[in-house]
Amino acid sequence: MTHKKMWDGRFSGGIHELVLNYTESTAVDRCFYKQDIEGSKAHARMLAKQGVLSEADCGKIVQGLELVSAEIEQGTFVWRKDLEDVHMNVEQRLTELIGSAGEKLHTGRSRNDQVALDFRLYAAEKIDAWARSLLEIMRSLTKRAREHRQTLLPGYTHLQPAQPVTLAHHLLAYVQMFKRDFQRIEDCRKRVRVSPLGAAALAGTTYPLDPEYTAGLLGFEQVFANSMDAVSDRDFVLEGLFVAGVIMTHLSKFCEELILWANPLFGFVRLPDAFATGSSIMPQKKNPDVPELMRGKTGQVLGELYSLFTVLKGLPLSYNRDLQEDKPGFIRADGIVDGSLRIMSAMIQALEFDAEKMEQAMRSGFLNATELADYLVAKGLPFRRAHRITGRLVALAESKGLGLEDLSLEDMRWISDLVEADVFKALDYQAAVDRRRAPGGTGSDPVASQLQEIETWLCEKEASFSGGSV
Ligand code: ARG
C-alpha cells in the first residue's frame with residue numbers, strides 16, 4: 001500500500017508503507033502540539049503585521065489553530081501517521097477547518113525552522129520545571145539541615161569513618177550540588193531561548209519577515225544569527241541532556257547514601273513506608289526500591305546524552321533527517337529527571353534520621369584520632385611524630401575494645417608523657433566539630449552562615465520563579 005503526501009508535487013507514486021512507518025514521527029512529536037500551535041499563531045501574526053498575510057486570513061488562522069488545539073486536548077483529533085509529523089497534522093486539520101487561508105500559513109517557513117522552534121519551546125518549559133523542582137529539593141534539604149544542626153555522624157572518605165560532622169553539614173553539601181545544577185539551567189536557558197523562526201529551510205527567506213517580533217510573541221529573548229546554523233543547531237538539547245545527567249548523578253549519589261544508611265548495619269535513616277517496598281518472600285524486609293530505581297535510571301539519562309552526540313557528530317550542514325532522532329531521548333530523559341526530582345523532594349521531607357545510631361557509629365570508629373594528633377602538635381610535637389604516636393594509641397584502644405576517650409590517662413601517658421588531663425576535652429566529639437570554625441567547615445558557626453546564605457539565595461530564586469521564569 002502507498003500513501004499520498006502534502007509535498008508530493010514532484011512525486012509520481014505514493015510512499016511505501018514500510019518507509020512511512022520508518023520515517024514518520026507523529027507518535028513522538030505529537031507531544032509538541034502546544035508549541036507547534038503557539039509557534040504557528042506567532043508566525044501568522046507576524047506575517048499579517050508585515051503585510052504578507054491579510055488580517056482576515058490571520059484571524060481565521062489563529063481561530064482555526066485554537067479549534068485544532070481544543071480538538072487535541074479533548075481527544076477528538078485524529079492523528080494521521082501518513083501526514084508524517086505534528087506539523088503536517090496540525091496544518092492539514094487547520095486547512096480542513098478554515099479552507100484556503102490555512103494553506104497560507106506556511107509562507108516563509110519550513111518544517112526545518114518550525115521543528116527547531118517547537119523543540120526549543122518544549123525544552124525551555126521542561127528545564128524550567130526541573131529548576132523549580134530543584135528549588136523545592138533545596139528547600140526541603142535546608143529545612144532538614146536546620147533541624148539537625150546538632151546531630152553528629154561520622155563523615156567518611158573512602159567510605160571509611162574519617163572525622164565527625166554534623167548532619168546539617170552533610171545535607172548542605174547536597175544543597176550546593178543542586179544549586180550548581182540550578183545555575184547550569186539558568187545558563188543553559190539563555191541558549192535554549194533563541195528563536196530559529198525565519199531561517200526557513202536553511203538559507204533564510206525572500207519574504208520580509210520579522211523574526212524579532214515572533215521571538216517576542218513567544219517570550220524568547222534572542223533570535224538566530226545564521227539561518228544554516230539555526231536549522232541544524234541542537235547544542236541546546238545536548239546542554240539540556242548534560243544538565244539532566246548531572247542532576248541525575250547528584251540524585252544517584254544521594255540515593256546511594258540512603259541505601260547504605262537504610263541498611264541496618266548503618267541504621268542512620270528509616271525510609272518512610274510510602275517510599276519503600278516489602279519483599280514477597282522475606283517478611284522482615286523493607287527495600288529501598290525508590291532510591292535504587294533512581295540510581296538505576298541515571299544510566300539511561302547519561303546514555304541519551306551520548307546517543308545525541310553520536311547523532312550530531314557526523315552531520316554536514318544544514319538540516320538532515322537524522323535530527324528527527326534528537327527528540328525521543330530528550331523526552332525520555334525529561335520523564336526520568338522530572339519524576340525523580342519530584343519524588344526526591346517528597347521523600348526528603350519524610351526521611352526519619354536516627355541520631356542515636358549516627359552517634360553510636362561515630363563513637364566506634366576513632367573519629368577523634370585527628371584531634372589527638374593535633375593535641376600533641378599543640379604540645380610541641382612535629383605532626384608526623386604526633387601522627388605515629390596517635391596511631392599507637394589507636395592500636396592500644398582497639399586491642400582493649402575501647403574508644404580513645406575511654407583510655408585511662410595512665411595508659412595514654414605510658415605511650416606519650418605529653419598527654420595530660422586536658423586531653424579528654426580534645427577528644428570530645430562535639431568539641432572536634434566546633435573547632436572547625438573556618439568558613440565552609442562543619443563547625444556550628446560556618447554551618448549557620450551556610451544556612452543563612454542558602455536561605456537568602458533560595459528566597460530570591462523562589463520569588464523570581466513566582467513570576468514564571470528562572
Ligand atoms: N519530523 C521532522 C524532525 O523531527 C520535522 C522536520 C522535517 N523536515 C524535513 N525536511 N523533512 O526533524
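Coordinates for the structure precede this section.
Residues numbered from 1 in each chain as written. Predicted model: local features only at pLDDT ≥ 70, side-chain atom pairs only at ≥ 80, totals over all residues. Heavy atoms only, no water.

Below, the discussion takes up the pattern of salt bridges. Counted by the stated rule, this structure contains 35 salt bridges. The partner of Asp-334 in a salt bridge is Lys-126, with the nearest N and O atoms 3.9 Å apart. Pair noted here: Asp-334 is in helix H12 (residues 327–350) and Lys-126 is in helix H6 (residues 111–147), with a separation of 208 residues, a long-range link. For Glu-455, the salt bridge goes to Arg-146, with nearest N and O atoms at 2.8 Å. Linking Glu-455 in helix H19 (residues 444–466) with Arg-146 in helix H6, this pair joins segments that are 309 residues apart in sequence. Taking relative accessible area as the criterion, Glu-455 reaches 18% and is therefore assigned buried. (Salt bridge = Lys/Arg side-chain N within 4 Å of Asp/Glu carboxyl O. Helix = DSSP H or I, 4+ residues; strand = E, 2+ residues; numbered from the N terminus. Buried < 20%, exposed > 50% of the residue type's maximum accessible area, 1.4 Å probe, protein only.)

Before going further, it helps to examine the packing of helix H11 (residues 289–312) against H12. Where H11 meets H12, the axes come as close as 10 Å, and the angle between the chain directions of the two elements is 150 degrees. Taken together, the axis directions place H11 and H12 in an arrangement best described as roughly antiparallel. By crossing handedness, the relation of H11 to H12 is classed as left-handed. Taken together, the residues of H12 that come into contact with H11 (itself represented by Val-290, Pro-291, Met-294, Lys-297, Gln-300, Val-301 and Glu-304) are Gly-329, Arg-332, Ala-333, Ile-336, Val-337, Ser-340, Ile-343, Met-344 and Met-347. Tallied by class, the residues present in the contact of H11 with H12 amount to 10 nonpolar, 3 polar and 3 charged. (Axes fitted to C-alpha atoms, helices over the stretch in contact; angles between N-to-C directions. Parallel < 35°, antiparallel > 145°, perpendicular 65-115°, else oblique. Left-handed = near helix turned anticlockwise from the far one by under 90°. Contact = heavy atoms within 4.5 Å. Nonpolar A, V, L, I, M, F, W, Y, C, P; charged D, E, K, R; others polar.)

The next point concerns the layout of surface pockets. Of the pockets and cavities examined, the largest pocket occupies roughly 390 Å³. Those elements that provide at least two residues to the lining of the largest pocket are helix H10 (235–262), strand E7 (269–270) and strand E9 (286–287). For the lining of the largest pocket, the per-class residue count stands at 6 nonpolar, 3 polar and 5 charged. Of the voids in this model, the second largest pocket is the one considered here, and its volume is about 330 Å³. Lining the second largest pocket are 17 residues, with Gln-35, Glu-38, Leu-121, Glu-125 and Leu-218 sitting closest to its centre. If you list the elements that add at least two residues to the lining of the second largest pocket, you get helix H3 (33–49) and H6. Taken together, the residues of the lining of the second largest pocket sort by class into 7 nonpolar, 2 polar and 8 charged. (1 Å grid on protein atoms, 1.4 Å probe; cavity = no way out; pocket = protein on both sides within 12 Å on 5 of 7 lines; lining within 4 Å. Points joined across faces, edges and corners; volume = space filled by probe spheres on them.)

For the rest of this paragraph, the subject is the packing of H3 against helix H5 (residues 86–98). Remark: H3 packs on H5, axes separated minimally by 10 Å, with the N-to-C direction vectors making an angle of 60 degrees. Judged by the inter-axis angle, H3 sits oblique to H5. The element H3 and its partner H5 pack so that their crossing is right-handed. Listed contacts from H5 to Tyr-33, Asp-36 and Ile-37 of H3 are Val-86, His-87 and Val-90. The class makeup of the residues in the contact of H3 with H5 is 4 nonpolar, 1 polar and 1 charged.

Around the ligand, the neighbouring residues are Ser-25, Asp-29, Asp-85, His-87, Arg-111, Asn-112, Val-115, Tyr-319, Gln-324 and Lys-327. Note that a nitrogen atom of the ligand is positioned 3.2 Å from one of the side-chain N or O atoms of Ser-25. Contact distances for the ligand include 2.7 Å between an oxygen atom and a side-chain N or O atom of Lys-327. No other element matches the 3 residues that H6 contributes to the shell around the ligand. Along the lines of polarity and charge, the residues of the shell around the ligand split into 2 nonpolar, 4 polar and 4 charged. (Near = heavy atom within 4 Å. Polar contact = N/O pair within 3.5 Å; in protein donor to acceptor, adjacent residues only side chain to side chain.)

With that settled, the discussion passes to the side chain of Asp-85. With respect to the helices, strands and loops of the structure, Asp-85 is situated in the loop between helix H4 (55–74) and H5. Residues in contact with Asp-85, not counting those within four places in the same chain, are Ser-25, Thr-26, Asp-29 and Arg-111.

Our next topic: the pairing of strand E4 (residues 160–166). With 6 bridges connecting them, strand E3 (residues 152–157) and E4 associate as antiparallel partners. Bridge pairing links Thr-157 to Gln-160 in E4. (Pairing = 2+ DSSP bridges.)

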